[in-house]
Amino acid sequence: MRGAVEGLGTPHPLARQLPAMYAADEFAQRLLAALDDVVAPVYATLDNLAAYVDPRLGPTDFVDWLAGWVAATVDQDWPVERRREAVARAVRLHGMRGTPRGLTEQVRVAFGVTVEVTDSGGTAWSPTPGADLPGSPQAEVTVRVRPEDQHMVPLTRLRELVDANRPAHVRYAVDVAGVGATEASTPAEG
């Protein structure tokens, strides 16, 4: 919680801005000194604003607030460094949303595990008209997670993450080592 910081000075004391006739007024000087104590954290915050909005440097509670600015999915139970990484990478991950690479990064950041994402699609060309298309006709993505401890990746949370970050028309399956593959979806109705 930001607030008064004992002994924190201000670069612009209010008493210096008074007309000369108040310079000798002891009450005015004490009143403005008290206001300087209140305003000093504001100056300190504004002078260091770049550090506040950098998730790698900002105070922990401010990083959690920044998560809302960039729509980062963070869990309060995560270690601070993992929350900082999720916030720092959120904008870039939003740009890759719906791609196998983006899904891989989302799962890796959320659970801190090795991830393999397999996509059924593909591209190719052929000089022969009517040649077979690459991939399978049913769009599907499979997410395989191999954690050191199978309880470190809650299956329900993994399904929610994959469901939120896959293309709406693509079916998905998740596979967590020790739990087995789980068919979890059909394409969204739209």
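Residues numbered from 1 in each chain as written. Predicted model: local features only at pLDDT ≥ 70, side-chain atom pairs only at ≥ 80, totals over all residues. Heavy atoms only, no water.

Now for the packing of aromatic side chains. Tallying each qualifying case throughout the model produces four aromatic pairs. A ring pair is formed by Phe62 and Trp65, whose centres lie 5.1 Å apart and whose planes are at 65°; its orientation type is edge-to-face. Taken together, the positions of Phe62 and Trp65, both in helix α3 (residues 60–69) and three residues apart, correspond to about one turn of that helix. Residue class for Phe62 comes out buried when judged on its relative accessible area of 13%. Geometrically, the ring pair formed by Phe62 and Trp69 is edge-to-face, given 6.2 Å between the ring centres and 75° between the ring planes. The ring centre of Trp78 lies 4.7 Å from the NZ or CZ of Arg82, which sits over that ring. (Phe/Tyr/Trp six-rings, centres within 6.5 Å; stacked < 30°, edge-to-face > 60°. Helix = DSSP H or I, 4+ residues; strand = E, 2+ residues; numbered from the N terminus. Buried < 20%, exposed > 50% of the residue type's maximum accessible area, 1.4 Å probe, protein only. Lys NZ or Arg CZ within 6 Å of the ring centre and 35° of its normal.)

What follows covers unusual backbone geometry. Of note in this structure, Ala71 is not a glycine but carries a positive phi near 55°. Here Ala71 is to be found in the loop between α3 and α4 (80–95).

One finds Val107, Phe111, Val143 and Leu158 to be the most contacted residues of the largest nonpolar core, which totals 23 residues. Looking at which element gives the most residues to this core, the answer is helix α5 (residues 100–111), with five residues. With residues up to four places along the chain from it excluded, the contact list for Val107 reads Gly112, Val115, Val143, Val145, Leu158 and Leu161. Grouped together as the second largest cluster of nonpolar side chains are eight residues, Val63, Ala72, Val87 and Ala90 included. (Core = buried A, V, L, I, M, F, W, Y, C linked by side-chain atoms within 4.5 Å. Contact = heavy atoms within 4.5 Å.)

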